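For reference, the chains in residue letters:
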Amino acid sequence: MPTLLVTSRMSPALAARVAASVTGRASSPRSAGRRLVALARFVGLGFVTAAVLSFVAARRRAGGELEIARAALLADVRAHAAELTPEQHELPARVAPWVVAAAADYPGDLVEPELRAPGALEARLAEPIIYVRGAQAALATPRGVVEAARVSAKDALLLCLVEPPSAPTEKVMLGRVRVAYTGGAEARTPQVRRLADAHLGLPFLASAWERRVVEAEGPRELRELRRALEKAPLASAKAAAKARWLLVAVDEAGQGPGPTEIDGERAHAIRLALVEVASGRVALRLRRDVDPSGLTEAARVQFASGLDACRFALDVLGAVRKK
Amino acid sequence: MVCAAAFGRSAPSAGGLLTSHGAMSEPRAALDLLFPTPALRIDLEQTSLGLDLAFAGGVAGGLFSDALDRAPVGPTAWKAASFAADLFVPAFVASCFTIGDGQLVSQKHLVKLVTSPPADPAVVLHRRAVVDELVTHPSRREALRALYTDLLRLRSMLEGATGAGKWDANRRQLDILTLVKKLFDRLAELPAEGASSSALARLSDYGERVLAGEPYRSLADLLRYDESMATLSLKVGIGADGRIRGFQLLSVEEDRQNPFVSSAWRRWLAKVELFVRGYRFGDGEVMARLIDAVFDGLRDELAPLVQLVGDLEFYLGALGLRDAAAARGLSMCLPKLAEPGEPRVLEGLWNPLLLASGVAPVPCDLRLDRHDACVLVTGPNSGGKTRLLQAVGLSQVLAQVGLFVPARAGCVMLGSSLVVSLIQETRVDQAEGRLGMELLRIRELFESLPPGAMVILDELCSGTNPSEGEEIFELVIRMLTRLRPQTFITTHFLAFATRLEAAGEIDELRFLQVELDPNHLPTYQFTPGVAQTSLAGKAAARLGVTGEQLLALIERNLAAAEPGREGQGRA
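Everything quoted here is computed from the prediction, not taken from an experiment.

### Regarding the overall build of chain A
And then number 1: Scanning chain A from N- to C-terminus turns up 14 helices and 6 strands.
And then number 2: Burial status across chain A gives 34% buried among its 323 residues.
And then number 3: The long-range share in chain A, meaning contacts at least 24 apart out of those at least 6 apart in sequence, stands at 73%.

### Notes on the overall build of chain B
And then number 1: Within chain B, the regular secondary structure consists of 20 helices and 12 strands.
And then number 2: Considering chain B as a whole, with its 571 residues, one finds that 42% of them fall into the buried category.
And then number 3: Counted over contacts in chain B with a minimum sequence separation of 6, partners at least 24 positions apart contribute 71%.

### Side note on unusual backbone geometry
Residues and elements named next belong to chain B.
And then number 1: In this structure, Arg484 is a non-glycine residue whose phi angle is positive, near 50 degrees.
And then number 2: Residue classification places Arg484 among the partly exposed residues on the basis of 17 C-beta atoms within 10 Å.
And then number 3: The phi dihedral of His520 is positive, around 65 degrees, even though this residue is not glycine.
And then number 4: Inspection of the secondary structure assignment puts His520 in the loop between β11 (509-516) and β12 (522-528).

### Some points on the interface of chain B and chain A
And then number 1: With 20 residues of chain B at the interface, the matching set in chain A holds 20 residues.
And then number 2: Broken down by secondary-structure element, the contributors of at least two residues to the side of chain B that touches chain A are α10 (214-228), α11 (264-276) and α12 (283-327) of chain B.

### Observations concerning the sheet that holds strand β7 (residues 409-413) of chain B
Within a sheet, adjacent strands bond to each other through the backbone by hydrogen bonds, running parallel or antiparallel.
Residues and elements named next belong to chain B.
And then number 1: Strand order in the open sheet formed by 4 strands is β3-β7-β4-β5, with mixed pairing between adjacent strands. Unpaired on one side and paired on the other, β3 (336-338) and β5 (364-368) mark the two borders of the sheet. If you compare each strand with its neighbour and ignore which way they point, the axes differ by 25 degrees on average.
And then number 2: Summarising the sheet, strand β4 (residues 344-349) and β7 pair through 3 bridges and their orientation is antiparallel. Across the sheet, Glu347 pairs through a bridge with Ala409, a residue of β7.

### Thoughts on helix α8 (residues 170-181) of chain A
Residues and elements named next belong to chain A.
And then number 1: With 12 residues, α8 ought to run about 16 Å at 1.5 Å a step, and its terminal C-alpha atoms sit 15 Å apart, in line with that.
And then number 2: Those residues of α8 that fall on the buried side of the exposure criterion are Met173, Leu174, Arg176, Val177 and Ala180. When α8 is viewed along its axis, its buried side chains cluster within an angular range of 165 degrees and face the same direction. Opposite the buried face of α8, by more than 90 degrees, sit the exposed residues Lys171 and Gly175.
And then number 3: Residues of α8 that are buried make contact with α7 (156-162), α9 (185-188) and α14 (297-321).
And then number 4: Downstream of α8 by a residue or two, Gly183 has a phi angle that is positive, lying close to 80 degrees.

### Comments concerning the nonpolar core
And then number 1: Among the nonpolar cores identified, the biggest contains 151 residues, and Val180, Leu290, Val294, Val309, Tyr315 and Ala318 of chain B are the most heavily contacted of them.
And then number 2: Ranked by residues supplied to this core, first place goes to α12 of chain B with 21 residues.
And then number 3: Listed in part, the 72 residues of the second largest apolar core include Phe204, Leu205, Leu247 and Val320 of chain A.

### Focus on the confidence of the model for chain B
Should the pLDDT be low somewhere, the predicted coordinates at that spot are not to be read in detail.
Residues and elements named next belong to chain B.
And then number 1: The predicted model of chain B averages 85 in pLDDT, with 89% of residues at 70 or higher.
And then number 2: In the predicted structure, residues 1-27 sits below a pLDDT of 50 and forms 55 contacts with residues beyond four places in sequence or in another chain.
And then number 3: Per the prediction output, this complex has pTM 0.65; the corresponding ipTM is 0.73.

### Some thoughts on the environment of Asp311 of chain B
Residues and elements named next belong to chain B.
And then number 1: Positionally, Asp311 belongs in helix α12.
And then number 2: Remark: the alpha-carbon pair of Asp311 and Leu31, spanning 280 residues in sequence, is separated by 9.4 Å.
And then number 3: With near-sequence residues (within four places) excluded, Asp311 lies in contact with Asp32, Leu33 and Leu34.

### Let's talk about the sheet that holds strand β6 (residues 282-290) of chain A
Residue and element names in this part refer to chain A.
And then number 1: On the basis of which strands lie adjacent, the open sheet formed by 6 strands has the order β1-β6-β5-β4-β2-β3 and mixed pairing. With partners counted over all chains shown, the strands left at the sheet margins are β1 (110-111) and β3 (192-194), one partner each.
And then number 2: Inspection of the sheet shows strand β2 (residues 129-135) paired to strand β4 (residues 245-254) by 7 bridges, in the parallel sense. Residue pairing in the sheet places Val132 in a bridge with Val248 of β4.

### Observations regarding helix α4 (residues 91-103) of chain A
Along an α-helix, residues three or four positions apart point the same way, because every turn accommodates 3.6 residues.
All names here are of chain A.
And then number 1: In a regular helix each residue adds 1.5 Å, so 13 residues correspond to 18 Å; α4 covers 19 Å between its end C-alpha atoms and thus fits that length.
And then number 2: Every buried residue belonging to α4 is among Leu91, Pro92, Val95, Ala96, Val99, Ala102 and Ala103, and all of these are buried. All buried residues of α4 fall inside an arc of 130 degrees around its axis, so they share one side. Of the exposed residues in α4, those oriented more than 90 degrees away from the buried face are Ala93 and Pro97.

### Focus: the pairing of β6 of chain A
Residue and element names in this part refer to chain A.
And then number 1: For β1 and β6, the ladder comprises 2 bridges, and the chain directions are antiparallel. Each residue of the ladder has a partner; that of Val111, found in β6, is Leu284.
And then number 2: Direction of pairing for strand β5 (residues 268-276) relative to β6: antiparallel, over a ladder of 8 bridges. Paired with His268 across the two strands is Val290, which belongs to β6.
And then number 3: Between β5 and β6, which follow one another and run antiparallel, lie 5 residues, and Gly280 among them has a positive phi close to 80 degrees.

### Considering the pairing of β7 of chain B
Residues and elements named next belong to chain B.
And then number 1: Where burial is concerned, most of β7 is hidden: 4 out of the 5 residues are buried.
And then number 2: In the sheet, β3 pairs with β7 via 3 bridges, with the strands oriented parallel. Residue pairing across strands places Ala338 opposite Met413, the latter belonging to β7.

### Some remarks on the packing of helix α7 (residues 138-159) of chain B against α12 of chain B
Residues and elements named next belong to chain B.
And then number 1: Their axes nearest at 10 Å, the elements α7 and α12 cross at an angle of 135 degrees. With respect to each other, α7 and α12 are oriented oblique. α12 is crossed by α7, and the crossing has left-handed handedness. Only Leu305, Leu308, Val309, Leu312, Leu316 and Leu319 of α12 make contact with α7, whose side of the interface consists of Arg141, Leu144, Arg145, Leu147, Tyr148 and Leu151.
And then number 2: For the contact of α7 with α12, the per-class residue count stands at 10 nonpolar, no polar and 2 charged.

### Some words on the packing of helix α4 (residues 89-96) of chain B against helix α5 (residues 107-114) of chain B
All names here are of chain B.
And then number 1: Closest axis-to-axis distance for the α4/α5 pair is 10 Å, and the angle between their directions is 120 degrees. As far as their axial angle goes, α5 and α4 are oblique. The hand of the α4/α5 crossing is right-handed. Each of Val89, Pro90, Val93 and Ala94 in α4 lies in contact with α5, whose residues at this interface are Gln107, Leu110, Val111 and Val114.
And then number 2: Residues that form the contact of α4 with α5 fall into these classes: 7 nonpolar, 1 polar and no charged.

### Concerning the environment of Ala80 of chain B
Residues and elements named next belong to chain B.
And then number 1: Looking at where Ala80 falls in the secondary structure, it is placed in the loop between α3 (63-70) and α4.
And then number 2: For the pair Ala80 and Leu418, spaced 338 residues apart in sequence, the C-alpha to C-alpha distance is 8.6 Å.
And then number 3: In contact with Ala80, not counting residues within four places along its chain, are Thr115 and Ser116.

### Thoughts on the environment of Gly384 of chain B
And then number 1: Inspection of the secondary structure puts Gly384 of chain B in the loop between β6 (374-378) and α14 (385-401).
And then number 2: With 141 residues separating them in the primary sequence, Gly384 of chain B and Gln525 of chain B have C-alpha atoms 8.3 Å apart.

Calculation criteria
- Residues numbered from 1 in each chain as written.
- Chains lettered and ligands numbered in written order.
- Predicted model: local features only at pLDDT ≥ 70, side-chain atom pairs only at ≥ 80, totals over all residues.
- Helix = DSSP H or I, 4+ residues; strand = E, 2+ residues; numbered from the N terminus.
- Buried ≥ 20, exposed ≤ 12 C-beta atoms within 10 Å, placed from the backbone.
- Contact = placed C-beta atoms within 7 Å.
- Pairing = 2+ DSSP bridges.
- Axes fitted to C-alpha atoms, helices over the stretch in contact; angles between N-to-C directions.
- Expected span 1.5 Å × (residues − 1).
- Arc of directions from axis to C-beta.
- Core = buried A, V, L, I, M, F, W, Y, C linked by C-beta atoms within 7 Å.
- pLDDT = per-residue confidence, 0-100.
- Parallel < 35°, antiparallel > 145°, perpendicular 65-115°, else oblique.
- Left-handed = near helix turned anticlockwise from the far one by under 90°.
- Nonpolar A, V, L, I, M, F, W, Y, C, P; charged D, E, K, R; others polar.

In structure tokens:
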């Protein structure tokens, strides 16, 4: 029986003796005992080999399943991402400087002539818009823009601008304000997306996140990525990315030592800017003061901020319509 | 012709031996220094099995001595029982056949050799040629001595492996194989045929044959593999403080020509293979299998080395006796082998038993005009008669086995047998009295004595009254002469001996007497004639057995038994 101890350089006689030394003499009791040990080891080795092969097969099967899951996740991500143009993917980065500029030194009011046409502003506000409102100090930097966008909601200013109250009276405006305060602005302004929607959802469609999927090492990590993608506000993010206009509202700091309302409202100036996303062109820029002191006691306690915002929206609409 | 078959072994007549494989193995038998036709006398099968066991685990204590003890020593007509005990041959061999300070591996084997003179005179001549060459060429004797020393080391390593479990078994076996290689190298270096005039050339032939064989080459390859499977070249970095800071491996060279060298992955797979086959997993197990394979090829070449140990002890022991004698100013020689009718001469004959017991022997000259004489030796007690008979007997024995005799020069005829009766001990179970036992010995002597044998008798018929003893004595002498033996007999029947000398009726009778100096003290020399007195009185006086000395002893004993007696006497 050949053995690995024999080399090609050995003489035939030596090779035969080496082989005999390995196989042993058939009749010796020691050799018989060794054969039993060999049999036991052979069986043991068979078990070990089978176990290793099973393990390897299981690993390969698991690896195959992992790749399938990875491919499915990547396909989903890429399908979502394919709905956007590269410019749309970069919307947050593109609009951040415009928001900062709106909060910077105020260059004066600006109304595009087209907007002054009857129904022009309303038509513009019916197009896809992303909206953000924040304090002037917060919007001074791109990082501040992200933070402000996170807490910026569809408020009374937006609602009154898109769906103006019929009269600038406190009672009429209060109706819109209540709607806004109870979350009703979302349903009435479906064409408007919050800038925060883009901040929250677009990173899931970026190449960095796709790389995380590619580099995920195990099914557990891949499952977590899948869960994160499913929870991400992709629909609103894609809608935000497709916006044609950026609507920025900037609350300047309060003016003078006057009293502050319970909801934090006090007399201050609000700026509003409408910027075309495709070009960065400013179509509307207006600045108006608001002062809650003129409100009734009952409304001021609870709705000072909302009423001021709604009044500001009416002022903007009025300023645009005035020739 | 001496052949293996003649030794009672199942061997072919050519002197070779049938191996267990059924193949003729003539060359192995060539490692025989004792017989003209080489024979493997040890039991090959038993010895090979013993070597296997000894090599595997050192569990064959007594392998060498057992093999030699059991080995036959060739056909002989002599019966050791007839002379060995009376000549103290075992004691003689034990004390005189010395090789350095060590003990003989098999004293029994050597005693058997010495007490079994070969029946074929050619064997005697064969051995004398070896002895002569060793004396003539001291360097060859030294080479044999070195060979013997290495054989003893091999025996020690094979048999004395008690506690071997405490160290690496592979290392022990590799050490044994290293020594085996050295032994074969030594054999090959001995003088070859042409340079050597005796059987010593067989050693060289054997060595060269082994060196030319595959098993030896495999042995050399394995030892080289063990010594230098690979060579690493290292660069050693030394720090400012003189300490070694690191090693850099420059190159690795493997002895790719060596058949035992294989690649690292193959060595690893070999270990796996052995593990699956039931061995341990490790480099040691791989080496063990290779050692096994190499030893397996050499096993049949090793068994004859065991026999060689016995042969070397025969020659080196005899040379050791010669050296010891020379150190005491005594000579030994290879005597001339005489034909019947030639004179017997032993000049400067001395008794080796005296040398062994630390007594300085006094050499004497023994000259007789014929070998088949019946020599009557007379002289005083303690005059050296019995010592002379011992010396003559041992000389005959040594000459018969082809060795030196304890004499400066000599001419000795080979005898067909030897009967010696020097000791007259009383045994518990003896059926007869002293005379009866003596007569029984005489009867036994005539029952088996062949013509031309040597007979040595001390104080024949001294166990009965002289007149009747002399009658038996004369009868024995007259009957012995019919077989023409070489006879030496001592007697204190001085008047009887004188009468025989004067009568001159028996041609073969010769008479020797102990020589005395002017003070009547023995000179331990022997001259022709019959002694006039046994000087028993002098011996008695020397040993304190005179009337006065005995009376003094009696007085002392009486005084000791009766404490008051001495005081009363004084008063």
